[in-house]
Amino acid sequence: MKTQELNDLQTLVSLAKRRGFVFQSSEVYGGINACWDYGPLGVELKLNVKKLWWKSMTSRNDIVGIDAAILMHPKVWKASGHVDGFTDPMVDCKECKYRFRPDKVEDPSQCPSCGSKNLSEPRNFNLMFKTFMGPLEDSSSTVYLRPETAQGIFVNFENVQTSMRKKIPFGIAQIGKSFRNEITPGNFIFRTREFEQMEMQYFVKPGSDDEHMEEWKQRRRNFYLNMGFKEERLRFHQHGPDELAHYAKDAFDVEYKFPMGWEELEGIHNRTDFDLKAHQQMSGKSLEYFEEASKEKYIPYVIETAAGCDRLVLAALCDAYREEITTDEKGKEDKRVVLGFHPQLAPVKLAFLPLSKKEPLASLAMQLRNDFAAEDWICQYDESGSIGKRYRRQDEIGTPLCVTIDFDSLEDKCVTVRHRDSMQQDRVSIDGLEAYVRDKLKNF
Ligand code: GAP
């Protein structure tokens with residue numbers, strides 16, 4: 001048997017649409033550029049990514065969560081530096097009207113679309129989406145869609161610290177939508193203008209920041225490994241001086257090897273006291289922390305871990321995808337497409353398949369499906385097509401276990417459990433099925 005990993009994104013885009021993971025937004029109107037909708041399986045996969053991340057953060061005694069509003073006081077973005085500094089250079093081709101980032105193309109002196117050298121001067125383009133609050137559409141009512149979730153955490157630092165009586169070091173975690181008017185979005189759900197972030201800001205005593213940075217790097221690497229990501233497809237990239245964001249003293253990207261190459265999954269940044277200091281100055285409200293033990297007052301430093309949820313979903317899909325190709329004695333090839341998700345990520349955990357649509361098999365299978373779904377497992381019921389075809393459909397969406405109910409099940413009160421990866425089958429009593437499934441999903 002030959003195993004083929006994913007080598008082009010288009011294969012995944014087709015599978016994602018065919019099997020209900022991700023659809024193009026507003027497709028009936030011809031779609032809207034770089035906007036995507038999560039379908040029934042995509043939303044489950046994304047929820048699983050978020051649940052794992054949330055648990056990895058908030059199960060710690062030193063991290064609590066919040067959910068801040070997307071719309072914030074416009075002064076937040078002035079203080080944070082986004083109004084003045086959150087820009088990308090942009091060049092327009094005067095011939096074909098293509099717009100591009102000169103710092104992202106091989107030869108910035110010619111248009112990457114038509115090759116013309118008739119180009120505009122580079123202009124700085126602010127990536128924040130603007131809108132108006134209330135009925136007046138003028139500059140006094142301008143608000144921004146947040147370009148990062150982090151600022152909702154910084155402006156709530158004191159609220160959280162005092163209400164939860166947290167001592168430094170401690171962290172605040174948040175999952176939520178962010179918006180950036182990217183000049184060149186693309187690569188499916190990799191770079192979009194509306195996306196979800198999973199950010200955690202860890203507040204530390206100045207001077208201990210380098211040590212905490214190192215610890216968070218290791219924790220975040222382990223998070224991806226525990227999710228089942230292939231080690232050889234993960235690496236760190238340290239930012240050089242010209243790559244550092246305006247707020248960062250040091251920064252590492254966790255990179256994943258996508259079909260289009262190594263790209264950023266998550267940023268781990270030492271933001272120093274930049275943000276709290278800036279908000280203290282702009283708001284006039286003290287954001288200093290008083291340390292009981294040393295009787296010292298200081299503005300904490302921040303180590304930030306900033307992951308993109310949609311990018312993690314894309315990486316999870318890429319990592320899981322494989323084609324198994326077998327050839328029979330006559331030379332005929334057969335291809336099995338499998339999404340080999342870690343069971344924690346798999347959108348559907350169990351599929352219940354009656355061997356025949358006939359009663360009472362169908363009702364028994366549906367009853368079992370409902371009982372297991374009530375135990376918080378996402379379950380499917382499928383009675384159409386040959387059993388082989390039904391297994392293949394489940395393999396393609398990454399369901400770890402299929403439960404087949406056959407005519408013998410009525411007599412011996414047993415079912416057949418078929419494993420996605422090995423395709424092995426076990427006969428298991430219905431009474432013992434729950435314990436069996438629990439064990440298999442835990443020790444996959
Ligand atoms: N608070 C820091 C911050 O936002 P960032 O490196 O700009 O840092 C963090 O963003 C993560 O958010 C990125 O590593 C990426 O996973 C995700 N992200 C950023 N821009 C994105 C976009 N346009 N589409 C999808 N994900 C994006």
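Refer to the structure above for everything that follows.
What this report covers is the structure whose coordinates are included nearby. As the structure is a computational prediction, the values presented were derived from the model and not from experiment.

Cut-offs applied
- Residues numbered from 1 in each chain as written.
- Predicted model: local features only at pLDDT ≥ 70, side-chain atom pairs only at ≥ 80, totals over all residues.
- Heavy atoms only, no water.
- Salt bridge = Lys/Arg side-chain N within 4 Å of Asp/Glu carboxyl O.
- Buried < 20%, exposed > 50% of the residue type's maximum accessible area, 1.4 Å probe, protein only.
- Helix = DSSP H or I, 4+ residues; strand = E, 2+ residues; numbered from the N terminus.
- Pairing = 2+ DSSP bridges.
- Axes fitted to C-alpha atoms, helices over the stretch in contact; angles between N-to-C directions.
- Contact = heavy atoms within 4.5 Å.
- 1 Å grid on protein atoms, 1.4 Å probe; cavity = no way out; pocket = protein on both sides within 12 Å on 5 of 7 lines; lining within 4 Å.
- Points joined across faces, edges and corners; volume = space filled by probe spheres on them.
- Nonpolar A, V, L, I, M, F, W, Y, C, P; charged D, E, K, R; others polar.
- Parallel < 35°, antiparallel > 145°, perpendicular 65-115°, else oblique.
- Left-handed = near helix turned anticlockwise from the far one by under 90°.
- Expected span 1.5 Å × (residues − 1).
- Core = buried A, V, L, I, M, F, W, Y, C linked by side-chain atoms within 4.5 Å.
- Near = heavy atom within 4 Å.
- Polar contact = N/O pair within 3.5 Å; in protein donor to acceptor, adjacent residues only side chain to side chain.
- Areas by Shrake-Rupley, 256 points an atom, 1.4 Å probe, with all protein chains shown as cover.
- Phe/Tyr/Trp six-rings, centres within 6.5 Å; stacked < 30°, edge-to-face > 60°.
- Lys NZ or Arg CZ within 6 Å of the ring centre and 35° of its normal.

**Regarding the pattern of salt bridges**
For step 1, the next point in the chain: Following the criterion strictly, the structure yields 45 salt bridges and no others.
For step 2, the next point in the chain: With a closest N to O distance of 4.0 Å, Arg191 and Glu182 form a salt bridge.
For step 3, the next point in the chain: A relative accessible area of 27% places Arg191 in the partly exposed class.
For step 4, the next point in the chain: Judged by its relative accessible area of 10%, Glu182 falls in the buried class.
For step 5, the next point in the chain: The residue Lys205 makes a salt bridge to Glu291 at a minimum N-O spacing of 2.9 Å. Separated by 86 residues along the polypeptide, Lys205 in the loop between strand S11 (194–204) and helix H7 (209–226) and Glu291 in strand S15 (residues 289–291) bring together distant segments of the chain.
For step 6, the next point in the chain: Take Glu291: its relative accessible area is 14%, and that puts it in the buried class.

**Looking at the sheet that holds strand S18 (residues 321–327)**
For step 1, the next point in the chain: Judged by pairing direction, the sheet is antiparallel, and its 3 strands sit side by side in the order S1-S18-S19 without closing on themselves. Single-partner strands in this sheet number two, and they are strand S1 (2–5) and strand S19 (333–339). For this sheet the average axis-to-axis angle between neighbouring strands, irrespective of direction, equals 25 degrees.
For step 2, the next point in the chain: Examined bridge by bridge, S18 and S19 share 7 bridges and lie antiparallel to one another.

**Thoughts on the sheet that holds strand S20 (residues 350–354)**
For step 1, the next point in the chain: The strand order across the open sheet built from 5 strands is S21-S20-S22-S23-S24, with neighbouring strands paired in mixed fashion. Strands with a single pairing partner mark the edges of an open sheet, and in this sheet they are strand S21 (379–381) and strand S24 (425–429). Here the average twist between neighbouring strands, direction ignored, is 25 degrees.
For step 2, the next point in the chain: Where strand S22 (residues 401–405) and strand S23 (residues 414–419) come together, 4 bridges link them in antiparallel fashion. Within the sheet, the bridge partner assigned to Leu401 lies in S23 and is His419.
For step 3, the next point in the chain: Relative to the sheet, helix H11 (residues 387–397) contacts S20, S21, S22, S23 and S24, its axis offset from that of S20 by approximately 170 degrees.

**Digging into the layout of surface pockets**
For step 1, the next point in the chain: In this model, the second largest pocket occupies a volume close to 570 Å³.
For step 2, the next point in the chain: Looking at the second largest pocket, it is lined by 15 residues, and the ones nearest its centre are Lys51, Gln344, Lys349, Asp376 and Trp377.
For step 3, the next point in the chain: Broken down by secondary-structure element, the contributors of at least two residues to the lining of the second largest pocket are helix H2 (40–58) and helix H13 (433–442).
For step 4, the next point in the chain: Counting residues per element, the lining of the second largest pocket draws most heavily on H2, which supplies 6 residues.
For step 5, the next point in the chain: Here the lining of the second largest pocket is built from residues that sort into 6 nonpolar, 2 polar and 7 charged.

**Overview of the packing of H2 against helix H9 (residues 309–320)**
For step 1, the next point in the chain: The N-to-C vectors of H2 and H9 enclose an angle of 110 degrees; their axes lie 10 Å apart at closest approach. Relative to H9, the element H2 is oriented roughly perpendicular. As H2 packs across H9, the resulting crossing turns out to be right-handed. Contact with H2, carried on its side by Leu45, Lys46, Val49 and Lys50, involves Cys309, Asp310, Leu312, Val313 and Leu317 of H9 and no other residues of that element.
For step 2, the next point in the chain: Class assignment for the residues of the contact of H2 with H9 results in 6 nonpolar, no polar and 3 charged.

**Quick look at H2**
For step 1, the next point in the chain: An ideal rise of 1.5 Å per residue puts 27 Å on 19 residues; H2 measures up with 27 Å between its terminal C-alpha atoms.
For step 2, the next point in the chain: Among all positions of H2, only Leu41, Gly42, Glu44, Leu45, Lys46, Asn48, Val49, Lys50, Leu52, Trp53 and Met57 are buried.

**Some points on the nonpolar core**
For step 1, the next point in the chain: Counting 57 residues, the largest nonpolar core has Phe21, Tyr224, Phe229 and Phe341 as its most contacted members.
For step 2, the next point in the chain: For this core, the element with the highest residue contribution is H9, accounting for 9 residues.
For step 3, the next point in the chain: Residues in contact with Phe229, not counting those within four places in the same chain, are Tyr224, Leu234, Tyr256, Leu265, Leu312, Ala315, Ala316, Asp319 and Leu345.

**What about the site of the ligand?**
For step 1, the next point in the chain: Neighbouring the ligand are 22 residues, the closest being Glu148, Glu182, Thr192, Glu199 and Glu264.
For step 2, the next point in the chain: The contact in question runs from a nitrogen atom of the ligand to an N or O atom on the backbone of Thr192, over 2.7 Å.
For step 3, the next point in the chain: Here a nitrogen atom of the ligand sits 3.3 Å away from a polar atom, N or O, in the side chain of Arg271.
For step 4, the next point in the chain: If the ligand stood free it would expose 550 Å²; the protein chains cover 93% of that surface.
For step 5, the next point in the chain: For the shell around the ligand, the leading source of residues is strand S14 (residues 261–272), giving 6 residues.

**Topic: the packing of aromatic side chains**
For step 1, the next point in the chain: Using the criterion set out here, one finds 17 aromatic pairs in the structure.
For step 2, the next point in the chain: Pairing Trp53 with Trp54 gives two aromatic rings, centres 6.3 Å apart and planes at 40 degrees, and the pair type is tilted.
For step 3, the next point in the chain: Exposure remark for Trp53: the relative accessible area of 0% places this residue in the buried category.
For step 4, the next point in the chain: Classification of Trp54 as partly exposed rests on a relative accessible area of 31%.
For step 5, the next point in the chain: Ring-pair connections join several aromatic residues into one group, and the members of that group are Phe190, Phe223, Tyr224, Phe229, Tyr256 and Phe258.
For step 6, the next point in the chain: Just above the ring of Tyr247 sits the side chain of Arg271; from NZ or CZ to the centre is 3.6 Å.

**Quick notes on unusual backbone geometry**
For step 1, the next point in the chain: With an omega dihedral of 10 degrees, the bond running from Ile168 to Pro169 counts as a cis peptide bond.
For step 2, the next point in the chain: Looking at the element boundaries, Pro169 is found in the loop between helix H6 (157–163) and strand S10 (170–179).
For step 3, the next point in the chain: Look at the link from Glu359 to Pro360: it is a cis peptide, with omega at 0 degrees.
For step 4, the next point in the chain: For Pro360, the position within the fold is in the loop between S20 and helix H10 (361–373).
For step 5, the next point in the chain: With phi around 50 degrees, Thr272 is a residue other than glycine that occupies positive phi space.

Any functional reading would require information that these geometric values do not contain.
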